[in-house]
Amino acid sequence: MSEHDANARFIRESIVEPASIARARAHAIELGAAPVSTALGSQLAVLAAATAARSIVEIGTGAGVSGLWLLRGAPQAVLTSIDNEPEHLAAARQAFAEARIPATKARFITGRAADVLPRMNEASYDIVLVDADPENVIEYVEHGLRLVRTGGMVLVPRILAGGRVADPVQRDEVTSAYRSLVQETQDSPAVLATLSASGEGLLQLVAVETD
């Protein structure tokens, strides 16, 4: 076993997922919703806590898994969850109710993010999580950066695409979009950017003031 594999295994086995999130994960997998990993979810919780987030948007519910992790870190926040799969949103509502999340702490919007995001208020959110429609990731990140306040974060999980992004031979549309997003945000004066290899990979962007 390589050092990387040993580290990844240790992280997976060390992080304890709360029972409410574990139940939501099991349901999500049954629905084929592909929730974020436990390692990545715990990282989302820490980032939400560190930013003292009060207003969060997630694009793609993961049937409630990512939202529960975010609110675990920022229980004072209000989460807006956007998904074009009504069944996934229904599962998220159920997961939130079972986790005793107050109804006032979450709102669920059924629809395409490309249609919903342009109607949302600029510079009004602390975190935007982009976890849906990878073919539209660049468009969603652009919307996310418009929606977050200065100092707010745009988070893109699964950015390493199972190792494809690091492999220059891989040139499919989604992999190329992820690779371009990583490269462009590293050079952008509008954001501070970093890339974590935890879980499936997480691109973290902080909006900064520009002249």
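Analysis parameters
- Residues numbered from 1 in each chain as written.
- Predicted model: local features only at pLDDT ≥ 70, side-chain atom pairs only at ≥ 80, totals over all residues.
- Heavy atoms only, no water.
- Patch = residues over 30% accessible without salt bridge, like charges linked within 9 Å, V, L, I, M, F, W, Y side chains within 5 Å.
- Areas by Shrake-Rupley, 256 points an atom, 1.4 Å probe, with all protein chains shown as cover.
- Salt bridge = Lys/Arg side-chain N within 4 Å of Asp/Glu carboxyl O.
- Lys, Arg positive; Asp, Glu negative; His and termini not counted.
- Charge placed at Lys NZ, Arg CZ, Asp CG, Glu CD.
- Helix = DSSP H or I, 4+ residues; strand = E, 2+ residues; numbered from the N terminus.
- Buried < 20%, exposed > 50% of the residue type's maximum accessible area, 1.4 Å probe, protein only.
- Pairing = 2+ DSSP bridges.
- Axes fitted to C-alpha atoms, helices over the stretch in contact; angles between N-to-C directions.
- Contact = heavy atoms within 4.5 Å.
- 1 Å grid on protein atoms, 1.4 Å probe; cavity = no way out; pocket = protein on both sides within 12 Å on 5 of 7 lines; lining within 4 Å.
- Points joined across faces, edges and corners; volume = space filled by probe spheres on them.
- Nonpolar A, V, L, I, M, F, W, Y, C, P; charged D, E, K, R; others polar.

### Side note on a negative patch on the surface
Next, step 1: Residues E139, E142, E184 and D187 make up a contiguous surface patch of negative charge.
Next, step 2: Contributing elements (two or more residues each) for the negative patch: α7 (137-147) and α8 (173-187).
Next, step 3: Judged by relative accessible area, E142 falls into the exposed class, the value being 53%.

### With respect to the sheet that holds strand β7 (residues 202-207)
Next, step 1: The strand order across the open sheet built from seven strands is β3-β2-β1-β4-β5-β7-β6, with neighbouring strands paired in mixed fashion. Every other strand in the sheet has two partners, leaving β3 (106-110) and β6 (191-196) as the edge strands with one partner each. On average, each strand axis in the sheet is inclined to that of its neighbour by 15°, with strand direction left out of account.
Next, step 2: Two elements, strand β1 (residues 55-59) and strand β4 (residues 125-130), share four bridges in a ladder whose sense is parallel. Note that in β4 the partner of I56 across the bridge is I127.
Next, step 3: Strand contacts of helix α5 (residues 86-98): β2 (78-83) and β3, with the helix running at about 170° to β3, the strand carrying the most contacts.
Next, step 4: Across the sheet, α7 lies against β1, β4, β5 (148-157), β6 and β7, angled at about 155° from β5, the strand it touches most.

### Comments concerning the layout of surface pockets
Next, step 1: In this model, the largest pocket occupies a volume close to 350 Å³.
Next, step 2: When contributions to the lining of the largest pocket are tallied by element, the ones reaching two or more residues are β2, α7 and β5.
Next, step 3: Grouping the amino acids of the lining of the largest pocket by side-chain chemistry returns 13 nonpolar, six polar and five charged.

### Here's the deal with the environment of T110
Next, step 1: Tracing the backbone shows T110 in strand β3.
Next, step 2: Among residues more than four places away in sequence, those in contact with T110 are D83, P86 and L89.

### Considering the pattern of salt bridges
Next, step 1: This structure, assessed with the given rule, holds eight salt bridges.
Next, step 2: With a shortest N-O distance of 3.0 Å, D115 and R112 are connected by a salt bridge.
Next, step 3: When the shortest N-O distance is used, the salt bridge between E122 and R146 registers 4.0 Å. Taken together, the residues E122 in the loop between α6 (113-116) and β4 and R146 in helix α7 connect sequence positions 24 residues apart.
Next, step 4: On the accessibility criterion, E122 (55% relative accessible area) is exposed.

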